[in-house]
Amino acid sequence: MSKNLRINKNNFIDQTTRISFRFNGQKLFGYKGDTLASALLANNIHLVGRSFKYHRPRGIMTCGSEEPNAIVQIGNDPSLTDPNVRATEIELYEGLEASSQNCWPSVNFDIGGINNFLSPLLPAGFYYKTFMWPASFWEKYEYFIRHSAGLGKAPTKSDPDIYDHQYSHCDILVVGGGISGIISAKLSAEKGLDTILIDDKSFLGGSTIYQENECYKINSVNSNKWLANEIESLKNYPNLLIKNRTSLAAFHGYNYLLARENLTDHLSINERKGKVRQRLWKIRAKKVIIASGSIERPLIFSNNDRPGIILSSSIKKYIDYYGVKTGENISLFTNNDSAYETAISLKKSGVKVNVIVDIRKNSNSLIVQEALELGLKVLWESTVVDTQGYKRIKSFEVMKLSDDGNSVIGNKAKHNCDCLGISGGWTPMVHLFTQSGGKLKFRNDDNVFIPDENKTPSDQISVGSCNGEFKLNEIIVNTIENLKSFLSLSNTCYDGIKIICPDEKSKRNIWLLPSDKPVGKTKPFLDFQNDSTAKDVKLALREGFKSIEHVKRYTTTGMGTDQGKLSNMHALGIIADTTGTNMGELGTTTFRPPYTPLTFGAIVGRNVGEFFDHTRKTAIHNWHVKNKAEFENVGQWKRPWYFPKNGENMQQAVQRESKAARDSAGILDASTLGKIDIQGTDASEFLNRVYTNAWSKLEIGKCRYGLMLNEDGMVYDDGVTTRLSENHYIMTTTTGGAANVLSKLEDYLQTEWPELDVYLTTVTDQYSTISICGPNSKKILAKIVPGLDLSDSNFPHMSFKDTKIRNVNCRIMRISFTGEHSYEINIQSNYAEDLWIKCMEAGKEFNLTPYGTETMHLLRAEKGFIITGQDTDGTLTPSDLQMDWIIGKKKFDFIGKRSLYRSDTIREDRKQLVGLLTDDPKEVLEEGAQLVENINTKPVEMLGHVTSSYFSPNLNKSIALAVVKSGKKLKGKKLIVPMENKNINVTITDTVFYDKENKRLNA
Amino acid sequence: MFIINCPYCGERDQTEFSCGGEAHIERPKQPTELSDDQWAEYLFMRKNIKGVQFERWNHAHGCRKWFNMVRDTSNDKIQAVYKMGEKPPVK
Ligand SMILES: [Zn+2]
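From a predicted model like this one, the values you see are computed outputs, not experimental measurements.

Asks: Before we go on, may I ask you to explain the sheet that holds strand β22 (residues 395–401) of chain A in this structure?
Replies: Sheet strands associate in pairs through backbone hydrogen bonding, adopting either a parallel or an antiparallel arrangement. Residues and elements named next belong to chain A. Spatially, β21-β22-β23 is the arrangement adopted by the three strands of the open sheet, whose pairing is antiparallel. Where the open sheet ends on each side, the last strands, each with one partner, are β21 (382–388) and β23 (408–416). Each neighbouring strand pair of the sheet contributes to a mean axis angle of 25°, computed without reference to strand direction. Judged from the six bridges that link them, β22 and β23 form a sheet pairing that is antiparallel. By the bridge assignment for β23, Lys 400 is matched with Ile 409.

What follows is the structure, given as C-alpha cells:
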C-alpha cells in the first residue's frame, strides 16, 4: 500500500523540505507546500473517511473547499483539536496529526458500513418516517443516531489560541486570486485605488498558474508564464494589499464583508507560539469585484463515490501543481473538453491514461486534437454504467449511449483502473453574489446559474468564471471590458492583448446518466457527504415534495458542511427532468453565509473572558464593600442588597434592617435612581404632557410624585420630580428605566413637540443620593446640617432645600419611599462617600442602620408602594393599580390619556393590584405564585398572581401584593394559592398594610 | 449592515442607530375627540411592507437625534434621509 507516487518535475512544491506527519497513527512523509490531501495521495492513500449515513468508504475527491469526503480531525489535544477540517485545504506542517471521522473502530473496518447493505431500508426521509414512531422510543433511537452519525469531536477544553478582529476600509476589494482576480487587482491598483486582494490559497494564480499547455497563450507566451509575470508585477503597487490564506466568509449589505485569514495553521506547532491564529477581517469596500471562480461538477452514475474517483481538474492539479499521481492506471469520464487537459498533463508526466469516456458524439477542439495526437483513446458517445472496488476503485463498466441519452445500448465493456477522473462541466461560484442580494439567471446553453446583470446590487461586479465565462479569451477580454466601465478606465495596460485558446463547441449534458439497471438498483450519489442519491430525490418528488427547498431538507441533499457545492446543480437538474420543468424556473436553494465554516475563535476574536458590558458602581461602593454588603445586579448597577452582620443570612439581615429603619433610622444608597435635569421655559408644560398628574401649579421648592404611561395607557415608570426654580426641574426615574425614560422623552421632544423649549440632561452619575429614613432621621440631619431649619413648617414633607454641607452644595429633598420621616441628600458624586461616612458617624447614637434593596422593597411593600417592573409588567393601567388619584382628569392631554378609556382598559374584570394576607401569618408566599378561587373545577381558573411578598418584621406577619381579576371589588375574599405540596389560603386586603393614616411621615 | 448618513453627523455604521418604526404617523392633536377605532389606528397599526418604506431612526449612540429615512426593505437601499419636520422627498 505504501508507495511513492511523487514525480520530480514541478516548481510549486519544495521537494528539499521533507515533512513528517501522521494519519490515523501511521507515520508518513510529504513536502513543504503539500496539503494533507496531496501528501496522502502521494503515499497512495485514497480512503480517508466514511460517509454519513451508509458509512461507505470514501476517498479524496477534490482539491479545494468543495471537498465532501476528506473531512478529518486534526490533533488530539483536548483544547486544540480541530474537527471537520478539509484535508484538501489544510497545509502540511511538521508533526501534523490527522484522523478520519465518522468511522468506528477504524476507517478500514467500520461497523456502520452495515448500513450500506441495509440501504434499501434507508431511503430519503428515513429518519423522519421511522424514528417518529412510537414517540416514546425517540430517546432510544436518538442514542444510536447520535453515535453512528457523529461527525468530528469538539474540543473539550478552552481554546488557548489568540484570534483577532480587524476593520478595514478600501476602495476596491477583489475576492479571488485567479487570473481574472489578478487582472482586476492590477487595473484597480494601477488607477491608484486603495485595493485589497484576498485569496484562500497559499499562492496566487488559481488554476491558470499551473496550466503548462501550448494550447493556451497570452501575448505569445504560455498562459501560466504570462500570469506569473503579472503576479510579480503586483509587488509594484504600495496601494495594493494582498492577503493569502484568507477566505471570504460573508458578503453583507452595503459592501460589508467578513473574511477569515489563517495565519498559523500551516506552521508547525512550535512556530505558532504567541502568534495570532486567525484574523477576522471586517471590510467595508466602496466597490467589490467578485472573482471567486468556478468548481468542476461530478457526473452522476451508479457507484460514483468509490475512493479513487476524483474530479478530473483535481487530478490535473495534483499532478501539475503538487507533482502527485493520483493513480498509475487512470481513466477519465467527461462531458466536456476540460478532461482532455488532464489527460494531456498525465500523459506528459508519464502516467498511464487508459481511456477517456466521453458522452458527446465528438469534439474537434484544439485540446482534443492534441490529446488524440498524443495517442489517447477516446470512447465517444459512451457512459460509465457502474464501478467496482470496495475501498478503492478497481474497474468500471462502459456502454454506448442511445441517441436521446436516456438509455444505454450494446455490450458492456469492463476497464481496469486505480483512479477515475470525472468531469461534468463547471459551476460558477455565485454564493457570494447571492449572499449580497444578487439574483441569478439560468443559461440554458451550458446549464449554469450566473449573476443577472440587471439584478446585481450596486457597487459590485462578478468577473471571470464565477460570471459564467469559461474560455480563457472570454475571461480576460470580458474582465478587462467590464472593469473599464466599473472602474471608469479609458485605457488599460492590457489594451491589445492577444490570446490563443481552444474553443469548445460540442456540448452535451445528462444530469443522471443512464444505466443498464433500473434506477432502483443503482447508487448514483448526489450529495457525497450526506449520502443522498438521485433515487432519493426521485422518491421525494413521488411523495409530493415540489419546492427545491423542501426536497433539500427531506433528502438532506446539500445540507452537509460542504453545503452541496458539488452536486446541488445535479439535484436541480434531476428535479427539472423528472417534473418536466425548466431549471431556470425551479431556482436554486439559498446560499447562506459562511461560505466555508468559521471557527468560533475567529467569530469572537479577543472578546473572551469577562463581558465588556459596563459595571456601574456608585460613589459609595467602596464603603459598601468594606462593610460586607451582598450585592444585587440592577441593570448594569451593583447595588447593596443587604448588609449581613455576624453570620446573618439574608432573611435575618433584612428583618433586622427593616426593623431598625422604622424603630430609629436607616440609611440607603439611592444613587442609582435615574436623574434627568429638565430646563426651559416650557418645562412645566412638558411635565404636564409626560406625567399623568398636573405640574403647572407645583410651587418652586416642592416635590411631586409622578406616574408616566406609555401611549397605550400602561404604567411605564414613576418617580419624584422637584421644581428647583421657575423653569428648572430635576426628575428621578427608576434605576432600570433611566436610559429608556430619557430616550422616550427625547423622542417626544424632537418629533411630536419640537415647539417646546425644553432641554434634557442626564445627571444620574453626577449626583449621588443618600436617603435617611426613620423617626430619628431629623435628629441625624440636624447634626449634619446644623444651620438648616428642619421644622415641618419650614421644611415640610414633599419639599426641598438648596443648602451646603461643609461648603459643598447639596439638595435635600424631604420625600419618602418607606412611609417614614425621611430625607434624600443629593450631592456631587465625588463628595458622596465622605458624606455617607459623616452620616454614619452622626447616626451612631441612633443605631443608624445601612440597608439594601431588599429592605427597601420590604418597607415600601408594607406601605403598598409599587415598584414598576415588579408589581407592573406593562399591562396595568393606573386604575388597575388603584392609583386613580394620580390621573389629572381635567388635563387636556398627556401620554396615554386617551387609552385609559378604551373599551379594553375600562373593563372591570381586568387584573388589579390588591394586598394579600395569608391565613397563617407565618406563611410567606412565593412571588409569581398563581391565585385561584376553586381548586376543584377543571380547568382551574387562574385569577392572578403574587407580585411582591415578604415577612414583615414591623407587622410580625406575612404580607403580599398581587394582581387579581376584578381585584378591587374582592376585598375580604378568600382565595387559594396552590403550591406543589399544599394549598395556601389567603384573603384579599387593602394594598396598604402599615400606617394607613400616614402618621409616621411627620413623626 | 447599513451605512446610514445621519443628517447631523454624516455616514456612520448601522450599529450606532436604532430604528423607531414607521415614520409620518403624527400623534393626534386632540386624542379625546377620537373614537376607539381611530385611536387604535394611531396606536397599533403599522405597515411592514416589502419595498419603499418611510422609517424613523435615532442616532442613539451618536448625536441622539431622530430623523426620517426612506428605505427599500427588499434590498435595504436607503433612498433618502431627512430631518424631522422636513417633507419626505417623494411619496
Ligand atoms: Zn448623528
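Still more ground to cover, so stick around.
Asks: Honestly, the pairing of strand β6 (residues 77–83) of chain B in this entry has me stumped. Any pointers?
Replies: Within a regular strand, the side chains alternate between the two sheet faces. Residue and element names in this part refer to chain B. As judged from the six bridges shared by strand β5 (residues 66–72) and β6, these two strands associate in the antiparallel manner. Its bridge partner lying in β6, Val 70 is registered against Ala 80. Once β5 ends, the chain turns through four residues before running back antiparallel as β6, passing Asp 76 with a positive phi of about 60°.

Asks: Please clarify how the environment of B:Arg46 should be interpreted in this entry.
Replies: Residues and elements named next belong to chain B. Positionally, Arg 46 belongs in the loop between α1 (36–44) and β4 (52–58). Since its relative accessible area comes to 42%, Arg 46 is described here as partly exposed. Sequence separation of Arg 46 and Lys 65 is 19 residues, and the distance between their C-alpha atoms is 22 Å. If sequence neighbours within four positions are ignored, Arg 46 has contacts with Glu 22, Ile 25 and Glu 41. A polar side-chain atom of Arg 46 sits 2.8 Å from the main-chain carbonyl oxygen of Tyr 42.

Asks: How do you make sense of the coordination of the zinc ion when you look at a structure like this?
Replies: Tetrahedral coordination by four donors places them ideally at 109.5 degrees to one another around the metal; octahedral coordination by six donors ideally gives 90 or 180 degrees. Residue and element names in this part refer to chain B. In the first shell of the zinc ion, the protein supplies Cys 6 (SG), Cys 9 (SG), His 59 (ND1) and Cys 63 (SG), at 2.0 to 2.3 Å from the metal. Each donor residue of the zinc ion belongs to the same chain, and together they define the spacing C-x2-C-x49-H-x3-C. Exposure remark for His 59: the relative accessible area of 1% places this residue in the buried category. Residue classification places Cys 63 among the partly exposed positions, given a relative accessible area of 30%.

Asks: Looking at this model, I keep getting lost on the side chain of A:Thr872. Mind explaining?
Replies: Residue and element names in this part refer to chain A. Its location among the elements puts Thr 872 in the loop between α24 (853–862) and β45 (911–918). Here Thr 872 falls in the buried class, since its relative accessible area comes to 5%. In this structure the side chain of Thr 872 is engaged in a polar contact, spanning 2.9 Å, whose partner is the backbone nitrogen of Gly 869.

Asks: Looking at this structure, I do not really get helix α14 (residues 548–555) of chain A. What am I missing?
Replies: An α-helical segment advances 3.6 residues per turn. Residues three or four places apart therefore align on the same side. Residue and element names in this part refer to chain A. Across the eight residues that make up α14, a large majority, six, are buried. For α14, every residue scored as buried is listed here: Ile 548, Glu 549, Val 551, Lys 552, Tyr 554 and Thr 555. Between a side-chain oxygen at the N-terminus of α14 and the backbone nitrogen of Glu 549 the separation is 3.1 Å; the capping residue is Ser 547. Trailing α14 by a residue or two, Thr 556 shows a phi angle of about 60°, which is positive.

Asks: What is the right way to read the interface of chain A and chain B from this model?
Replies: Put simply, an interface is often sized by how much accessible area is lost when its parts join up. Of the residues lining the interface, 27 residues belong to chain A; the matching set on chain B comes to 26 residues. Contact between chain A and chain B buries roughly 2300 Å² in total, counting both sides, with carbon and sulfur atoms accounting for 45%. Its largest share of buried area at the contact with chain B, chain A owes to A:Tyr254, A:Gln750 and A:Arg898, together 29% of the area lost on that side. Summed over the shared surface of chain A and chain B, the result is six salt bridges. Here A:Arg898 and B:Asp36 are joined by a salt bridge, their closest N and O atoms 2.8 Å apart. In this assembly, chain A and chain B are joined by 21 residue pairs in polar contact (both at pLDDT 80 or more). Of all the elements, helix α21 (residues 738–752) of chain A adds the most residues to the side of chain A that touches chain B, at eight residues. Counted by class, the side of chain A that touches chain B contains nine nonpolar, nine polar and nine charged residues.

Asks: It is not clear to me how the packing of helix α13 (residues 534–542) of chain A against helix α15 (residues 568–579) of chain A should be interpreted in this structure. Could you clarify?
Replies: Each pair of packed helices can be summarised by the angle the axes make with each other and by the distance between the axes. All names here are of chain A. Taken N-terminus to C-terminus, the directions of α13 and α15 make an angle of 45°; their axes are 10 Å apart at the nearest point. In terms of orientation, α13 and α15 fall into the oblique class. Crossing of α13 against α15: the hand is right-handed. In this structure, α13 contributes Ala 534, Val 537, Lys 538 and Leu 541 to the contact, and α15 contributes Ala 571, Ile 574, Ile 575, Thr 578 and Thr 579. A breakdown of the residues in the contact of α13 with α15 according to their chemical character gives six nonpolar, two polar and one charged.

Asks: Whenever I open this one, helix α8 (residues 312–320) of chain A confuses me. Can you help?
Replies: In terms of burial, α8(A) is a largely internal element, eight of the nine residues being buried. As for α8(A), its buried residues are in contact with α1 (36–42), β16 (294–296), β17 (309–311), β18 (329–334), α9 (338–348) and β24 (419–423) of chain A.

Asks: Explain the pairing of strand β50 (residues 983–989) of chain A here, please?
Replies: Residue and element names in this part refer to chain A. The element β50 is extensively covered by neighbouring structure, given that five of its seven residues are classed as buried. Two elements, β45 and β50, share four bridges in a ladder whose sense is antiparallel. Along β50, the bridge assignment pairs Leu 917 with Thr 987. Of the pairings in the sheet, the one linking strand β49 (residues 974–978) to β50 comprises five bridges and is antiparallel in character. Each residue of the ladder has a partner; that of Pro 978, found in β50, is Asn 983. Between β49 and the antiparallel strand that follows it, β50, lie four residues.

Asks: Quick question: what am I supposed to make of the sheet that holds β6(B) here?
Replies: Strand order across the open sheet formed by four strands is β3-β4-β5-β6 (chain B), with antiparallel pairing between neighbours. One side of each edge strand has no neighbouring strand; the edge strands of this open sheet are β3 (18–22) and β6 of chain B. Across the sheet, the mean angle from the axis of one strand to that of its neighbour is 30°, orientation sign disregarded. Bridge count between β3(B) and β4(B): three bridges; the pairing is antiparallel. Each residue of the ladder has a partner; that of B:Ser18, found in β4(B), is B:Asn58. Strand contacts of α21(A): β4 and β5 of chain B, with the helix running at about 80° to β5(B), the strand carrying the most contacts.

Asks: Any chance you could explain the nonpolar core here in plain terms?
Replies: Soluble globular proteins: nonpolar side chains tend toward being buried together. Residues and elements named next belong to chain A. Core analysis: the biggest nonpolar cluster contains 89 residues, and Phe 21, Phe 23, Leu 36, Leu 40, Leu 96, Ile 179 and Ile 476 have the highest contact counts within it. In this view, Leu 36 contacts Phe 21, Val 72, Ala 87, Ile 90, Leu 92, Leu 96 and Ala 98; residues no more than four positions away in its chain are not counted. Counting residues in hydrophobic clusters, the runner-up holds 30 residues, among them Leu 790, Cys 810, Tyr 823 and Ile 825.

Asks: Before we go on, may I ask you to explain the packing of aromatic side chains in this structure?
Replies: What describes a pair of aromatic rings is the distance from one ring centre to the other and the angle between the planes of the rings. Under the counting rule described, the total for this entry stands at 23 aromatic pairs over all chains. Arranged with centres 5.2 Å apart and planes meeting at 70°, the rings of A:Phe301 and A:Phe333 form a pair that is edge-to-face. Within this pair, whereas A:Phe301 is found in the loop between β16 and β17, its partner A:Phe333 is found in strand β18, the two being separated by 32 residues in sequence. Its relative accessible area of 1% is what places A:Phe301 among the buried residues. An aromatic cluster is defined as three or more aromatic residues linked by ring pairs; in this entry it consists of A:Phe12, A:Phe203, A:Tyr210, A:Tyr318, A:Tyr321 and A:Tyr322. Directly above the aromatic system of B:Trp66 lies the positively charged group of B:Arg56, at a separation of 4.2 Å from the ring centroid. Over the aromatic face of B:Tyr8 sits the side chain of B:Lys65, whose NZ or CZ is 5.4 Å from the ring centroid.

Asks: Just checking my understanding: could you explain the side chain of A:Glu296 for this structure?
Replies: Residues and elements named next belong to chain A. Within the fold, Glu 296 resides in strand β16. Lacking a salt bridge, the buried Glu 296 has Arg 297 as its closest oppositely charged neighbour, with an N-O distance of 9.8 Å. Within the local environment of Glu 296, its side chain forms a polar contact with the backbone nitrogen of Ser 312, the two atoms lying 3.3 Å apart. Polar side-chain contacts of Glu 296 include one of 2.5 Å to the side chain of Ser 423. Among residues more than four places away in sequence, those in contact with Glu 296 are Leu 311, Ser 312, Ser 313, Ser 314, Ser 338, Ile 422, Ser 423, Gly 425, Trp 426 and Leu 566.

Reading guide: rules and limits
Residues numbered from 1 in each chain as written. Chains lettered and ligands numbered in written order. Predicted model: local features only at pLDDT ≥ 70, side-chain atom pairs only at ≥ 80, totals over all residues. Heavy atoms only, no water. Pairing = 2+ DSSP bridges. Helix = DSSP H or I, 4+ residues; strand = E, 2+ residues; numbered from the N terminus. Axes fitted to C-alpha atoms, helices over the stretch in contact; angles between N-to-C directions. Buried < 20%, exposed > 50% of the residue type's maximum accessible area, 1.4 Å probe, protein only. Contact = heavy atoms within 4.5 Å. Polar contact = N/O pair within 3.5 Å; in protein donor to acceptor, adjacent residues only side chain to side chain. Donors = N, O, S within 2.8 Å, 3.2 Å for Na, K, Ca; no water. Buried area = accessible area lost by both parts, 1.4 Å probe. Salt bridge = Lys/Arg side-chain N within 4 Å of Asp/Glu carboxyl O. Nonpolar A, V, L, I, M, F, W, Y, C, P; charged D, E, K, R; others polar. Parallel < 35°, antiparallel > 145°, perpendicular 65-115°, else oblique. Left-handed = near helix turned anticlockwise from the far one by under 90°. Core = buried A, V, L, I, M, F, W, Y, C linked by side-chain atoms within 4.5 Å. Phe/Tyr/Trp six-rings, centres within 6.5 Å; stacked < 30°, edge-to-face > 60°. Lys NZ or Arg CZ within 6 Å of the ring centre and 35° of its normal. Lys, Arg positive; Asp, Glu negative; His and termini not counted.

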